[in-house]
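Here are the chains, one letter per residue:
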Amino acid sequence: MRKTLMAALLATAMLATETLAEKVNITFLLTSDIYEFDANAQGRGGFARLNSVVKSERGRGGHVIYAHAGDMLSPSLLSGIDKGANTVALLNLAPPDYFVPGNHEFDFGPEIFRTRMKGLKSRLLAANLRDGKGKAVAGFADSHIVERGGVKIGIVGITEDDTPELSSPGPGYNFLPAVETAEEAARDLRKQGAEIVVGITHSDRAQDFAMVEGHALDLVLSGHDHNLTLYYDGRTALAEAMADAAYVVAVDVSIDIQEKDGKRSLTWFPNFRVIDTATVTPDPATQAEVDKYNATLSKELDIVVGTSTTALDSRKALVRGAETAIGNLITDAMRASVGADMALTNGGGIRGNKEYAAGAVLTRKDIFAELPFGGKTVKIEVTGETIWAALENGFSEVEKGSGRFPQVSGLVVEADFTKPAGTRVISVMVANNPLDKAATYTLATNDYMQGGGDGYFMFRQAKVLIDTLAAKLMASEVMDYIAASKKLAPVVEGRIKVKI
C-alpha cells in the first residue's frame, strides 16, 4: 500500500514537470509592386499567374497568410486609362488577407486612393498613415492579431513614409516615420499577447534592414525595392518578392511550442521558397479577364506613331543612372512642346524597362508604357542657381538607383559621382555658354517635379508660365514629336558626362 502511494506521488511530480511540445507550420505568401496586369515576354508575372499561386497555396490546406506590400494602382499602361480599377478587380479574384498601400497608391490623388482602397477585399493596414487630425485613416487599422494553429500572430502595416515626396497624397494625409512606428507597434502587439510579430511594409532597403536590426519584428515582408530579397540573421527574417509577380515568395515558418510548468515558449525558423511564375499555369478565371483588358488596350493603343532608327533602352538601371537616348527623346519633346530653354525629367518616371532595337516601330502603347503616370509638362521660370541645385538633387542618390536622376535637354552637365552628395556638379553649359547662376531661364519639367516630387523642392517657388490646367500630357507630347518626323535617331550624345 505504501509503495503504491509513493509511486502515485512520484508519477504526479513527473507530470508537473513534464514538457509538452507541439509544432505549427504557417506560410506567409508575399507579393508587391505589380504594375503590369499580364505576363512579360518571358512568361513571368501578371495577375493570372499570381492568382494561380495564391489559389494553389491556399488549396494545399494548412495555415496561409497572404500579404500584398503595396504598389498596384500605378504606374501601368492600363492604369493610366482607368486609374487602377483593373488591378483592384484582378486582385480581388484571389484577394490578399492583408494589403498595405505603397506610394503609388496615391498617384491619382486622394479621392481615387479612397475609392480603390474601399473596393479591395482585403484587410487594410497602415500604422504610420494618419489623417489631417492625426487619427487612423478611415478603413485602415494600425495592426491586427490573428490566431493560426493556436499561435497568436501580430501583424502591423507600414506604408512608405516618403510618399508626399514620391507621389500625390494631398494635404489630408500625414506619414509617420516608418521604422520608429513599426517598432512601437510591435511592442504594443506583444503587450496584447502576440507571440510572433510580422511587419508588412512598403519601405526602402535601408529601412527594411533597420527594422531587421532593431529585432522588434520577427518577420519583415517588404515591398518598394522591386528586387528579390531573402535574409535571416537568426532572430529576424526579411523577404521581398520580385516586382510584377515575376517571382512570388513563400516564407514557411516552422514553430515549436513548448509548455513547461505552465509556462509557454516558442522557437521558430523560416524556410524560404521562391516561386518562379514562369512555371505556373495561369488561373483560367483571371486569364479570361486579362484577355478582355488586353483586347481593350489593343484597340486603343496598338497604333503606330513612328520609328526610331537608333536603339533605345529604358531599363531601370540606365534611366536612373546615366544619360539615355530615350531620356533625350522625351526631354527634347518636352522642351520643343513648350518652347523652353531646357528640359529636365526624372528617370524614375520612365517605366518601360525595355530595350528597343534600331528600326523599332513605336506605338502609342510603347509610349504610354514608358510614361504611365499621366504626367503633364509644365513650363517654369528659374534661375541658374535653381537649376544647379536641381541637378545636385538629381545626382544625390545615384548609388541607390533613385528615381530622381535627371534626364535633360538643352544642357551639358559634368558631374563627379565620387564626391559627396550636394557637391557633385562640376559644370553646366546652356546653349554653349556656362550656366549663369544669377540669370533667368525657362524650364520644361513634369508637374510632379514642379510640385517638389523626388526632392525637387527648389521648383515649388518658381514662377509658373504654363500650369497644369494649360499643360499637355507628356506622353501625348512625345507621340506628337515622333509623329511629326515619323523617323527619329536619338542617341547618347554627352549631355551628362560623369566621373565615377
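For the structure itself, look to the data block above.
Residues numbered from 1 in each chain as written. Predicted model: local features only at pLDDT ≥ 70, side-chain atom pairs only at ≥ 80, totals over all residues. Heavy atoms only, no water.

### Quick look at the overall build of the protein chain
Counting secondary structure elements, the protein chain contains 15 helices and 30 strands. Taken along the three principal axes of its C-alpha coordinates, the protein chain extends 110 × 50 × 40 Å. Every one of the 500 residues in the protein chain was classed for burial, and the buried ones make up 53%. A separation threshold of at least 6 residues defines the contact pool for the protein chain, and within that pool the share at least 24 residues apart is 73%. If you sum the accessible surface of the protein chain, you get close to 21,400 Å²; carbon and sulfur atoms cover 53% of it. Across the protein chain, the centroid of the 53 positively charged side chains sits 3 Å from that of the 63 negatively charged ones. (Helix = DSSP H or I, 4+ residues; strand = E, 2+ residues; numbered from the N terminus. Buried < 20%, exposed > 50% of the residue type's maximum accessible area, 1.4 Å probe, protein only. Contact = heavy atoms within 4.5 Å. Areas by Shrake-Rupley, 256 points an atom, 1.4 Å probe, with all protein chains shown as cover. Lys, Arg positive; Asp, Glu negative; His and termini not counted. Charge placed at Lys NZ, Arg CZ, Asp CG, Glu CD.)

### What to know about helix 5 (residues 110-119)
By the burial criterion, the buried members of helix 5 are Ile112, Phe113, Arg116 and Met117. Looking down the long axis of helix 5, one finds its buried residues gathered within 125° of arc, a one-sided arrangement. (Arc of directions from axis to C-beta.)

### A few points about helix 9 (residues 284-301)
Compared with an ideal rise of 1.5 Å per residue, which puts 18 residues at 26 Å, helix 9 spans 25 Å between its outermost C-alpha atoms and is within 8% of the ideal. Among all positions of helix 9, only Thr286, Gln287, Val290, Leu297 and Leu301 are buried. Buried residues along helix 9 cover an arc of 90° about the axis, so they all sit on one side. Residues of helix 9 that are exposed and angled more than 90 degrees away from the buried face: Pro284, Lys292 and Lys299. (Expected span 1.5 Å × (residues − 1).)

### What about the nonpolar core?
Core analysis: the largest hydrophobic core is formed by 36 residues, its most contacted members being Leu29, Leu50, Leu91, Met117, Leu120 and Leu129. Looking at this core, the elements that each hand over two or more residues are helix 2 (47-59), helix 4 (85-91), helix 5, strand 9 (173-175), strand 14 (247-260) and helix 9. The leading source of residues in this core is helix 2, at 4 residues. Grouped together as the second largest cluster of nonpolar side chains are 30 residues, Val398, Leu411, Ala415 and Ile496 included. (Core = buried A, V, L, I, M, F, W, Y, C linked by side-chain atoms within 4.5 Å.)

### Regarding a nonpolar patch on the surface
On the surface, Leu228, Leu230 and Val274 cluster together into a nonpolar patch covering about 210 Å² of accessible area. Given a relative accessible area of 36%, Leu230 falls into the partly exposed group. (Patch = residues over 30% accessible without salt bridge, like charges linked within 9 Å, V, L, I, M, F, W, Y side chains within 5 Å. Salt bridge = Lys/Arg side-chain N within 4 Å of Asp/Glu carboxyl O.)

### A short note on the sheet that holds strand 11 (residues 219-223)
Reading across the sheet, the 6 strands line up as 7-8-10-11-13-12 and stay open at both edges, with mixed pairing between neighbours. With partners counted over all chains shown, the strands left at the sheet margins are strand 7 (143-148) and strand 12 (229-232), one partner each. Across the sheet, the mean angle from the axis of one strand to that of its neighbour is 15°, orientation sign disregarded. Sheet analysis places strand 7 next to strand 8 (residues 151-158), joined by 6 bridges and oriented antiparallel. Looking across to strand 8, one finds that Ser143 is bridged to Val156. (Pairing = 2+ DSSP bridges. Axes fitted to C-alpha atoms, helices over the stretch in contact; angles between N-to-C directions.)

### Regarding the sheet that holds strand 16 (residues 304-308)
Here we have 3 strands laid out as an open sheet, ordered 20-16-29, and mixed in their pairing. Edge positions in the open sheet fall to strand 20 (360-363) and strand 29 (487-488), since each of these has one partner strand only. Taken together, the 2 bridges between strand 16 and strand 29 define a ladder with parallel strand orientation. Each bridged residue has a counterpart across the sheet, and for Thr307 the counterpart in strand 29 is Lys487.

### Quick word on the packing of aromatic side chains
Under the definition given, this model contains 13 aromatic pairs. Relative to Tyr173, the ring of Phe106 has its centre 5.7 Å away and its plane inclined at 65°; by these criteria the two rings are edge-to-face. Of this pair, Phe106 sits in the loop between strand 3 (98-99) and helix 5 while Tyr173 sits in strand 9, placing them 67 residues apart in sequence. Considered together, Phe106 and Tyr173 belong to a single accessibility category, that of buried residues. Aromatic rings pair up to connect Phe106, Phe113, Phe140, Tyr173 and Phe175 into one cluster. The ring of Tyr35 has Arg351 sitting right over it, with the charged end atom 5.3 Å from the ring centre. Directly above the aromatic system of Trp388 lies the positively charged group of Lys437, at a separation of 4.3 Å from the ring centroid. (Phe/Tyr/Trp six-rings, centres within 6.5 Å; stacked < 30°, edge-to-face > 60°. Lys NZ or Arg CZ within 6 Å of the ring centre and 35° of its normal.)

### Describing the pattern of salt bridges
Side chains bearing opposite charge may pair, as long as their charged atoms lie close to each other. A complete count under the given rule lists 24 salt bridges for this structure. For Glu111, the salt bridge goes to Arg114, with nearest N and O atoms at 2.9 Å. Of this pair, Glu111 and Arg114 both sit in helix 5, 3 residues apart, which is roughly one turn of that helix. What you see here is one network of salt bridges that share partners, running through Glu57, Arg60, Asp252 and Arg273.

### Observations regarding unusual backbone geometry
Here the amide bond leading from Ser74 into Pro75 is cis, since omega sits at -5°, within 30 degrees of zero. A positive phi angle is found at His215, which is not glycine, with a value near 60°. By secondary structure assignment, the location of His215 is in the loop between helix 8 (205-214) and strand 11. Phi is positive for Asp244, which is not a glycine, with a value near 60°. Secondary-structure assignment places Asp244 in the loop between strand 13 (237-240) and strand 14.

### Focus: the environment of Ala390
Structurally, Ala390 is set in helix 13 (residues 384-395). Distance from Ala390 to Thr296, taken between C-alpha atoms, is 40 Å for residues 94 residues apart in sequence.

### With respect to the packing of helix 7 (residues 178-191) against helix 8
Packed helices, taken two at a time, are described by their axes: the angle between them and the distance between them. Two elements in contact, helix 7 and helix 8, have axes whose closest approach is 9 Å; the angle formed by their N-to-C orientations is 30°. As for the relative orientation of helix 7 and helix 8, their crossing is right-handed in sense. Residue-level inspection shows Ala178, Val179, Ala182 and Glu183 of helix 7 in contact with helix 8, the latter providing Gln207, Ala210, Met211 and Gly214. For the contact of helix 7 with helix 8, the class distribution of residues is 5 nonpolar, 2 polar and 1 charged. (Left-handed = near helix turned anticlockwise from the far one by under 90°. Nonpolar A, V, L, I, M, F, W, Y, C, P; charged D, E, K, R; others polar.)

Just distances and angles here, no functional claims.
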